[in-house]
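Examination of the molecular architecture
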Amino acid sequence: MAEVLPPADAHGRRRSRRVILALRALLQTVVALVILFGAVKGMNYLVGTRPELPKRPVQEKSYAVETVTLVRGDHAPQLNVYGETSAGREVELRSLVAGEVIEVHPNLKAGGAVSKGEVLVAIDRFDFEGAITEAQANLAEARAALVESEGRVKLETANELRAQEQLEFARKDLERAEELQGRGTVTERTLDDRKLLVSQRQQTLEQTQNSLALEEARVLQQQAAIRRLEWRLENAQRQLENTILRAPFDAIVRSESVEVGRLVGVNDEVVSLYGSDAFDVRFTLSDNQYGRLLAESGTVVGRPVEVTWFLGNEPVTYPATVTRIGADVASTRGGVDLIASIDSSATQVPLRPGAFVEVSLSDRSYTDSFRIPEAAFYGEGTVYVVRDSRLEPREVNALAIDDGYILVEGALEDGETLLATRIPEAGAGLLVKDVNADPVEPDDVAPLSGTGSTGQSG
């Protein structure tokens, strides 16, 4: 059987085991502290005995920047707006006579090109040629009748002269008879015969004069008839000419509505054309933009502009000149419409109506101003001039924005060097180096965040 220990002995053994465990933990702690103390001492020894290294001199960091030279002058920002082209000349040709179409131009289709003077449509001429023949015959008859009437006028004129002569002779004979009757050598009957003869000659003269007046009136009537027939002949000739419709200028066909064999009536629309060498562009300026241009020169008519048509990635530029102002304010577009005439002769690329184009023109001119990059403008109006490789702040006023540039005026001088690179740390006295002037050491140059725009609106 196993020996059973009394309770007092079991309690003593448990206490002995705890003491042994405590002594062991204490010994481990002492050993760890000794090792740590030795490591610290060794490190201090190594640090204290290391050789001295040569120290590099502390150098001030400089920033690689780009600069521009300030130029004082009269600067005008560019206004870039968008517009739409339209035909400068348009016409709808209508038939001036009725008849059957017998000929049509081969290019008389939408988009076809025709030249000035070319025959577009021809109408059957038979009836109109017959009208000319009839008018010519009537005119010839009237002219022949006029010659006959003029001949009778000449005859009656000669008869009038003879009647006047005969009347004069009869009067002289009567006067001699009256003298002789006073002497008693002529009878009363003879004197009466002489008076009767004078009366008859007077009547003959009056009849001749009346006949002459009638013949002269017939001549006037015939002349009036001739003028009327001449007009009819001219009208018939014009009607014949109107059977041919010709292109009034070099043009592009917009639409057509005729074919050979079709019967057309007077005033029927035949073809719609627009000029191939005359185009306008309509664009809108805001009230402020229009007001600035108007205040500068008093008018915008005659102002040169540039029109750019983007064909894929290829821009085609056309010169243009403002010719007129829109009749009404473009309230829906918030401004004033301007119309410019485009000179398309300078390029081989033909324009078309309805093209969406970019229009550039000069804004008002600002005298004694400076044109600086947007990246050079800080805060509400601070720029930095580079003097002896250090930045010097200057205060300026923004006048206008010009496509990545700002027009300013202020404490700047012509010929000074201006910081053009955006530096977040920019400030008075900052050391910089112009990358376009001197080579830059990589170790001496602080990295930059970029040269982005300031975002100022001017």
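Residues numbered from 1 in each chain as written. Predicted model: local features only at pLDDT ≥ 70, side-chain atom pairs only at ≥ 80, totals over all residues. Heavy atoms only, no water.

Digging into the overall build of the protein
Looking only at helices and strands, the protein features four helices and 24 strands. In terms of overall dimensions, the protein is more spread out than a globule: its C-alpha atoms have a radius of gyration of 57 Å, far above the 23 Å expected for 458 residues. Expressed along its principal axes, the backbone C-alpha trace of the protein runs to roughly 225 × 75 × 45 Å. Burial statistics for the protein: of 458 residues in total, 33% are counted as buried. The contacts in the protein between residues at least 6 apart in sequence include a share of 77% that link residues at least 24 apart. A total of about 28700 Å² of accessible surface is found on the protein, and carbon and sulfur atoms cover 51% of it. (Helix = DSSP H or I, 4+ residues; strand = E, 2+ residues; numbered from the N terminus. Rg over C-alpha atoms; globule rule 2.2 N^0.38 Å. Buried < 20%, exposed > 50% of the residue type's maximum accessible area, 1.4 Å probe, protein only. Contact = heavy atoms within 4.5 Å. Areas by Shrake-Rupley, 256 points an atom, 1.4 Å probe, with all protein chains shown as cover.)

Some remarks on the pairing of strand S16 (residues 335-342)
Counting buried residues in S16 gives seven out of eight residues, a clear majority hidden from the surface. Sheet topology note: the strand S13 (residues 279-286)/S16 ladder contains eight bridges and is antiparallel. Along S16, the bridge assignment pairs Ser-286 with Gly-335. (Pairing = 2+ DSSP bridges.)

A few points about the environment of Glu-129
When you line up the elements, Glu-129 lands in helix H2 (residues 126-183). In sequence terms Glu-129 and Glu-206 are 77 residues apart; their C-alpha atoms lie 49 Å from each other.

Brief notes about the pattern of salt bridges
Counting across every chain of the model gives 20 salt bridges. One salt bridge in this structure joins Asp-280 and Arg-324, with 3.4 Å as the shortest N-O distance. Placement of Asp-280 in strand S13 and of Arg-324 in strand S15 (residues 314-330) is noted, with a sequence separation of 44 residues between them. Using a relative accessible area of 41% as the deciding quantity, one classes Arg-324 as partly exposed. (Salt bridge = Lys/Arg side-chain N within 4 Å of Asp/Glu carboxyl O.)

Things to note about a negative patch on the surface
Together, Glu-168, Glu-175, Glu-178 and Glu-179 make up a negatively charged patch on the protein surface. The topology assignment puts Glu-168 in helix H2. (Patch = residues over 30% accessible without salt bridge, like charges linked within 9 Å, V, L, I, M, F, W, Y side chains within 5 Å. Lys, Arg positive; Asp, Glu negative; His and termini not counted. Charge placed at Lys NZ, Arg CZ, Asp CG, Glu CD.)

Here we look at unusual backbone geometry
A positive phi angle, near 75°, is found at Asn-267, a position not held by glycine. With respect to the helices, strands and loops of the structure, Asn-267 is situated in the loop between strand S11 (263-264) and strand S12 (269-275). Unlike most non-glycine residues, Asp-368 shows phi in positive territory, near 50°. Within the secondary structure, Asp-368 sits in strand S18 (residues 366-373).

Considerations on the sheet that holds strand S9 (residues 244-246)
Reading across the sheet, the four strands line up as S9-S8-S6-S11 and stay open at both edges, with antiparallel pairing between neighbours. Edge positions in the sheet fall to S9 and S11, since each has one partner strand and no second. Pairing geometry for strand S6 (residues 99-104) and strand S8 (residues 119-123), over three bridges, is antiparallel. Residue Val-101 lies in a different strand from S8, and its bridge partner there is Ile-123.

Overview of a positive patch on the surface
A cluster of basic residues, Arg-13, Arg-14, Arg-15, Arg-17 and Arg-18, forms a positive patch at the surface. Position of Arg-14 among the secondary structure elements: in helix H1 (residues 7-49).

Some words on a nonpolar patch on the surface
A cluster of nonpolar side chains, contributed by Leu-26, Val-30 and Val-34, occupies part of the molecular surface with about 270 Å² of accessible area. The topology assignment puts Leu-26 in helix H1.

Examining the sheet that holds strand S5 (residues 90-94)
Spatially, S5-S12-S10-S7 is the arrangement adopted by the four strands of the open sheet, whose pairing is antiparallel. Edge strands, defined here as strands with exactly one partner in the open sheet, are S5 and strand S7 (113-114). Pairing analysis gives five bridges linking strand S10 (residues 251-256) to S12, with the strands arranged antiparallel. Bridge pairing in S12 places Val-253 opposite Leu-273.

Some details on the packing of aromatic side chains
Two descriptors summarise a pair of aromatic rings, namely the distance from one centre to the other and the angle between the planes of the rings. Tallied over the entire structure, the rule returns three aromatic pairs. Taking the centre distance of 6.3 Å and the plane angle of 65° together, the rings of Tyr-274 and Phe-279 count as edge-to-face. Given a relative accessible area of 1%, Phe-279 falls into the buried group. Relative to Tyr-384, the ring of Tyr-378 lies with its centre 5.2 Å away and its plane at 85°, an arrangement referred to as edge-to-face. Residue classification places Tyr-378 among the buried positions, given a relative accessible area of 10%. For Arg-89, the ring lying beneath its charged end belongs to Phe-249, and the centroid distance is 4.3 Å. For the cation-ring pair, Arg-364 lies above Tyr-366, with the distance from its terminal atom to the ring centre recorded as 4.4 Å. (Phe/Tyr/Trp six-rings, centres within 6.5 Å; stacked < 30°, edge-to-face > 60°. Lys NZ or Arg CZ within 6 Å of the ring centre and 35° of its normal.)

Description of the confidence of the model for the protein
Averaged over the protein, the pLDDT score is 84; the fraction of residues at 70 or greater is 91%. No element of the protein has a lower mean pLDDT than strand S24 (residues 445-446), at 46, and none a higher one than S8, at 95. When the criterion is pLDDT under 50, residues 440-458 qualifies, and its contacts beyond four places in sequence or with other chains add up to 39 contacts. (pLDDT = per-residue confidence, 0-100.)

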